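Chain residues, written in single-letter form:
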Amino acid sequence: MEKYGKVTASFVKRQYFPHLLLILLFVVFSGGFVSFRGLESAQAAKVMEMYVAFAGILLFTPLFMPEQDREIWDLERSKRTAMWQLYLPRILLALLVCILVISLFMGLMVRGGGNFDVGSLLLGAYCEILFLGSIGFFASAVTNQVVVGYMIAVVYYVVNIGGGQYLGRFALFQMMKGEYGSWIYWLLGAVALLASGVVVRERVRRRG
Amino acid sequence: MFGALFFKECKQVLKSLVYFIYVVVFVLFITSQMSGDSAVRLQAPEPGQSYYGTTVAKDETLIMEGTLANLVEDINHNSWVTYPLGFYKGVTLTDRETEQAKAILERCTGKPFEVLLEEMAGHFGQYDQSSAEEMDAAQANYRVSVKEGFTYAEFEAAMKEICGLVGKGSAYEKSSYEYGIRIPMTYELAKEEFDALCEKDRVTRAYMRLFCDYAGIVLAILPIFVGVSRALWDRRAKVQQVMFSKPASGARIIVSRYLANLVMLCIPVFVTAFLLQQPFCYKAQTFGIRGDGMAFLTVPGVWLLPEIMVVLALSFLITELTDTIVAVFVQVAWAIGSIFGADVLVGDFRMRLIARWNTLGQTTLFSSLEKGFLQNRAYYFLLAVVCIILTVIVYERKRRKGGSLVWKNTER
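Residues numbered from 1 in each chain as written. Chains lettered and ligands numbered in written order. Predicted model: local features only at pLDDT ≥ 70, side-chain atom pairs only at ≥ 80, totals over all residues. Heavy atoms only, no water.

**What about the overall build of chain A?**
Consideration 1: The number of helices and strands found in chain A is 7 helices and 0 strands.
Consideration 2: Secondary structure elements of chain A, listed N to C terminal, follow the sequence α-α-α-α-α-α-α.
Consideration 3: The C-alpha atoms of chain A give a radius of gyration of 18 Å, which matches the 17 Å a tight globule of 208 residues would have.
Consideration 4: Taken over the C-alpha atoms alone, chain A extends approximately 55 × 35 × 25 Å along its principal axes. (Helix = DSSP H or I, 4+ residues; strand = E, 2+ residues; numbered from the N terminus. Rg over C-alpha atoms; globule rule 2.2 N^0.38 Å.)

**Notes on the packing of helix α1 (residues 2-14) of chain B against helix α14 (residues 250-286) of chain B**
Residue and element names in this part refer to chain B.
Consideration 1: Interaxial distance between α1 and α14 falls to 8 Å at its minimum, and their mutual angle equals 50 degrees. Accordingly, the angle class assigned to the pair α1 and α14 is oblique. Where α1 crosses over α14, the handedness of that crossing is right-handed. Note on element contacts: α14 touches α1 through Arg252, Ile253, Val255, Ser256, Arg257, Leu259, Ala260, Asn261, Val263 and Met264, opposite Phe2, Leu5, Phe6, Glu9, Cys10, Val13 and Leu14.
Consideration 2: Split by residue class, the contact of α1 with α14 holds 12 nonpolar, 2 polar and 3 charged. (Axes fitted to C-alpha atoms, helices over the stretch in contact; angles between N-to-C directions. Parallel < 35°, antiparallel > 145°, perpendicular 65-115°, else oblique. Left-handed = near helix turned anticlockwise from the far one by under 90°. Contact = heavy atoms within 4.5 Å. Nonpolar A, V, L, I, M, F, W, Y, C, P; charged D, E, K, R; others polar.)

**Side note on the domain arrangement of chain B**
All names here are of chain B.
Consideration 1: Its domain assignment divides chain B into domain 1 (2-44 + 195-401) and domain 2 (54-184).
Consideration 2: Just the C-alpha atoms count here: the centres of domain 1 and domain 2 sit 36 Å apart.
Consideration 3: Of the roughly 910 Å² buried between domain 1 and domain 2, counting both surfaces, carbon and sulfur atoms make up 56%.
Consideration 4: At the junction of domain 1 with domain 2, the criterion picks out 0 salt bridges.
Consideration 5: Inspection of the region where domain 1 meets domain 2 yields 0 residue pairs in polar contact (both at pLDDT 80 or more).
Consideration 6: Elements represented by at least two residues in the side of domain 1 that touches domain 2 include exactly α17 (326-340) and α18 (363-401).
Consideration 7: Per-class residue counts for the side of domain 1 that touches domain 2 are 8 nonpolar, 5 polar and 2 charged. (Domains from an automatic or database assignment. Buried area = accessible area lost by both parts, 1.4 Å probe. Salt bridge = Lys/Arg side-chain N within 4 Å of Asp/Glu carboxyl O. Polar contact = N/O pair within 3.5 Å; in protein donor to acceptor, adjacent residues only side chain to side chain.)

**What to know about the pairing of strand β1 (residues 54-57) of chain B**
All names here are of chain B.
Consideration 1: Because side chains alternate across β1, one face comprises the buried residues Thr54 and Val56, and the other comprises Thr55 and Ala57, equally buried.
Consideration 2: As paired elements, β1 and strand β4 (residues 181-184) share 4 bridges and run antiparallel to each other. Bridge pairing in β4 places Thr55 opposite Ile183. (Buried < 20%, exposed > 50% of the residue type's maximum accessible area, 1.4 Å probe, protein only. Pairing = 2+ DSSP bridges.)

**Topic: the packing of helix α2 (residues 17-33) of chain B against helix α11 (residues 204-219) of chain B**
All names here are of chain B.
Consideration 1: Axis separation between α2 and α11 bottoms out at 10 Å; the angle between their running directions is 145 degrees. Where α2 crosses over α11, the handedness of that crossing is right-handed. Contacts between α2 and α11 involve Tyr22, Phe26, Phe29, Ile30 and Gln33 on the former and, on the latter, Phe211, Tyr214, Ala215, Ile217, Val218 and Leu219.
Consideration 2: Each residue belonging to the contact of α2 with α11 can be placed in one class, and the counts come to 10 nonpolar, 1 polar and no charged.

**Things to note about a nonpolar patch on the surface**
Residue and element names in this part refer to chain B.
Consideration 1: A cluster of nonpolar side chains, Phe381, Leu382, Val385, Val386, Ile389, Leu390 and Ile393, forms an exposed patch at the surface whose accessible area comes to about 590 Å².
Consideration 2: Residue placement: Phe381 occurs in helix α18.
Consideration 3: We classify Phe381 as partly exposed; its relative accessible area is 39%. (Patch = residues over 30% accessible without salt bridge, like charges linked within 9 Å, V, L, I, M, F, W, Y side chains within 5 Å. Areas by Shrake-Rupley, 256 points an atom, 1.4 Å probe, with all protein chains shown as cover.)

**Here's the deal with unusual backbone geometry**
Consideration 1: You will see that Arg202 of chain B, though not glycine, has its phi angle at about 45 degrees, which is positive.
Consideration 2: By relative accessible area, Arg202 of chain B is classed as partly exposed at 26%.

**What to know about the nonpolar core**
Consideration 1: Among the nonpolar cores identified, the biggest contains 159 residues, and Phe60 and Met109 of chain A together with Phe211, Phe225, Trp303 and Ile325 of chain B are the most heavily contacted of them.
Consideration 2: In this structure, Met109 of chain A is in contact with Phe36, Leu39, Ala44, Val47, Met48, Gly114, Phe116 and Leu121 of chain A, ignoring residues within four places of it in sequence.
Consideration 3: In this structure, Val72, Cys108, Met120 and Ile181 of chain B belong to the second largest nonpolar core, which totals 38 residues. (Core = buried A, V, L, I, M, F, W, Y, C linked by side-chain atoms within 4.5 Å.)

**Brief notes about the pattern of salt bridges**
Between side chains of opposite charge, pairing is possible as soon as their charged atoms come close.
Residues and elements named next belong to chain B.
Consideration 1: Overall, the coordinates contain 19 salt bridges over all chains when judged by the stated rule.
Consideration 2: Put simply, Glu161 and Arg107 hold a salt bridge, and the shortest N to O gap is 2.7 Å. Of the two residues, Glu161 sits in helix α8 (residues 152-166) while Arg107 sits in helix α5 (residues 95-109), which places them 54 residues apart along the sequence.
Consideration 3: Notably, a salt bridge pairs Lys174 with Glu178, separated by 3.8 Å at the nearest N-O pair.
Consideration 4: The partly exposed category is assigned to Lys174, whose relative accessible area is 43%.
Consideration 5: Among the ionic contacts, a cluster of salt bridges with common partners joins Glu9, Arg230, Asp234, Arg257, Glu320, Asp323 and Lys398.

**Some remarks on helix α10 (residues 187-199) of chain B**
Consideration 1: Taking 1.5 Å of rise per residue, the 13 residues of α10 of chain B would be expected to cover 18 Å, and the 18 Å separating its terminal C-alpha atoms lies within 8% of that figure.
Consideration 2: Lining the buried residues of α10 of chain B we find α11 and α18 of chain B. (Expected span 1.5 Å × (residues − 1).)

**Quick word on the packing of aromatic side chains**
Any pair of aromatic rings gets described here by the distance separating the centres and the angle formed by the planes.
Consideration 1: If you walk through the whole model with that rule in mind, you get 35 aromatic pairs over all chains.
Consideration 2: Here Phe131 of chain A and Tyr156 of chain A contribute two aromatic rings whose centre-to-centre distance is 5.9 Å and whose plane-to-plane angle is 85 degrees, an arrangement assigned as edge-to-face. In this pair, Phe131 of chain A sits in helix α5 (residues 118-143) while Tyr156 of chain A sits in helix α6 (residues 146-163), placing the two residues 25 residues apart along the sequence.
Consideration 3: A residue is classified by how much of its surface remains accessible, and Phe131 of chain A, at 4% relative accessible area, is buried.
Consideration 4: Using a relative accessible area of 15% as the deciding quantity, one classes Tyr156 of chain A as buried.
Consideration 5: An angle of 65 degrees between the planes, with centres 5.1 Å apart, marks the rings of Phe155 of chain B and Tyr177 of chain B as edge-to-face. Here Tyr177 of chain B lies in helix α9 (residues 174-177) and Phe155 of chain B lies in helix α8, a separation of 22 residues in the sequence. For the residue pair Phe155 of chain B and Tyr177 of chain B, the accessibility class agrees, reading buried in each case.
Consideration 6: Following the ring pairs from residue to residue traces out a cluster consisting of Trp303, Phe349, Trp357, Phe366 and Phe373 of chain B.
Consideration 7: Over the face of the ring belonging to Phe64 of chain A we find Arg201 of chain A, whose NZ or CZ atom lies 5.5 Å from the ring centre. (Phe/Tyr/Trp six-rings, centres within 6.5 Å; stacked < 30°, edge-to-face > 60°. Lys NZ or Arg CZ within 6 Å of the ring centre and 35° of its normal.)

**So, the environment of Ile254 of chain B**
Residue and element names in this part refer to chain B.
Consideration 1: Looking at the element boundaries, Ile254 is found in helix α14.
Consideration 2: Put simply, Ile254 and Tyr152 are 102 residues apart on the chain and 54 Å apart in space, counted from C-alpha to C-alpha.
Consideration 3: Discounting residues that sit within four places of it in the chain, Ile254 has contacts with Phe316, Glu320, Thr391, Val392 and Tyr395.

Structure, rendered in structure tokens:
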């Protein structure tokens with residue numbers, strides 16, 4: 001256990017820290033971009049789906065960053081530790097921060113005296129933002145390029161602005177339209193993409 | 001030597017996965033947005049049509065009436081759109097602030113808010129709600145008259161008060177409402193516009209402006225990734241020190257790299273523009289005129305090239321400076337702010353990165369705004385040049401230092 005703690009702490013210190021700093025700035029400056037006062041359902045969903053959604057991309061996409069360095073990757077491959085054991089603490093850390101950020105925004109909106117269903121919005125936001133982050137995570141895992149991970153996640157977000165109809169049940173921004181039933185698809189999609197990402201890395205490792 | 005470096009860089013770009021994704025996403029996006037039947041729908045206006053589209057009027061009375069009509073709707077929905085920092089920010093007023101807004105409105109119109117609501121319902125009730133065209137006409141025709149003797153100066157003061165309530169960046173800012181108000185076109189105006197489209201724009205130029213509108217959205221985002229990926233490649237492949245030891249100057253390395261990436265980014269843009277332009281060349285012939293066959297080069301050359309240049313140059317500069325992918329966050333935020341920050345989708349050319357022109361035609365309006373548009377594009381062109389000069393300086397300093405200016409020796 002101690003070993004995983006040390007590896008994760010090293011990951012935070014060397015690679016993840018700037019991303020956590022960005023998340024902090026993202027939260028601190030949010031008041032300049034979104035309003036938290038007296039929001040109706042659609043307006044509260046808009047804050048979550050169009051603004052807070054970026055937290056998912058910021059937190060989950062860079063989780064394979066250390067492995068971009070060939071030397072680190074070779075070292076990890078030479079060890080007996082399975083890849084999932086290495087990645088699970090990172091995923092849990094990102095998940096924890098993501099939940100904190102979403103809950104914080106929800107708290108701000110509730111404090112602003114909004115009129116919306118907190119439970120449904122919170123559940124949908126957790127699942128949707130996790131799903132968007134998992135897209136970046138999976139793309140990074142497959143290509144071993146964090147930049148590609150960000151690119152695919154951002155493109156997915158932008159495509160949803162005008163082309164959500166092509167993405168079926170996995171389309172984003174549904175809660176803004178009053179549709180709260182997509183959370184299960186987002187959750188399943190996120191779990192599938194996160195698991196597939198780890199499996200891909202394990203396979204790459206075994207193949208050499 | 002410059003040529004050899006340039007072609008080497010082009011090959012490097014071609015091998016990049018990011019570039020491949022850029023081409024696929026760009027082509028899919030642009031072909032899905034530019035509907036194939038635009039050429040078929042483009043027809044000369046006929047007398048007796050129910051709706052001829054809209055145009056922008058700058059008459060003071062119309063500006064007051066149109067802005068007050070928006071105000072009635074915004075107070076009614078209590079949903080105010082603002083762009084304080086270039087980003088969309090929805091504002092909801094408290095009950096007390098809403099009452100203040102109603103009082104300002106009543107002062108301008110001389111009518112209680114309830115009466116204005118009834119008038120609004122009566123106006124929209126005259127139109128077929130299921131028809132998009134009818135709803136457009138209803139929106140364009142909706143006006144709220146000012147009370148007798150109410151002056152434009154009083155109106156400006158009232159709108160300033162509204163801005164005080166909703167905050168910065170709303171449609172009630174002077175710079176926003178002074179742009180003009182959309183009014184329905186008459187047959188005569190529509191005919192005049194159509195003639196200008198044929199004679200001045202020779203059809204294809206107008207279509208290329210619409211192409212640039214859509215292309216400009218994705219080109220504010222996608223080149224960031226190409227630039228960041230390329231600027232980080234040396235470090236990632238651990239050839240940075242090898243590159244530093246080469247006799248070629250920093251200017252030669254950076255400029256050849258930049259130009260190669262720029263050319264490779266532009267190729268899919270111009271090829272797609274050329275292919276999409278063809279039905280409109282044919283359409284121009286059916287109107288008895290010869291379409292401008294070079295519009296696919298000239299219009300995106302002025303419209304999109306400065307945008308691609310600045311996006312790419314800034315991604316080079318930030319990445320060379322920090323040796324991180326922070327440019328992705330900074331520039332995506334800028335691009336998305338620019339997408340959502342447009343006050344209007346046709347002709348918002350203030351210092352916006354993305355110049356919007358979401359219409360086919362409106363040639364007269366474009367002519368009146370062309371100077372501002374050219375100033376905007378010249379600004380971004382110069383900014384790109386400055387960014388590249390700064391990138392060269394940063395690169396040379398890194399070379400002298402033997403590595404990153406910010407970090408010691410860690411991978412980020």
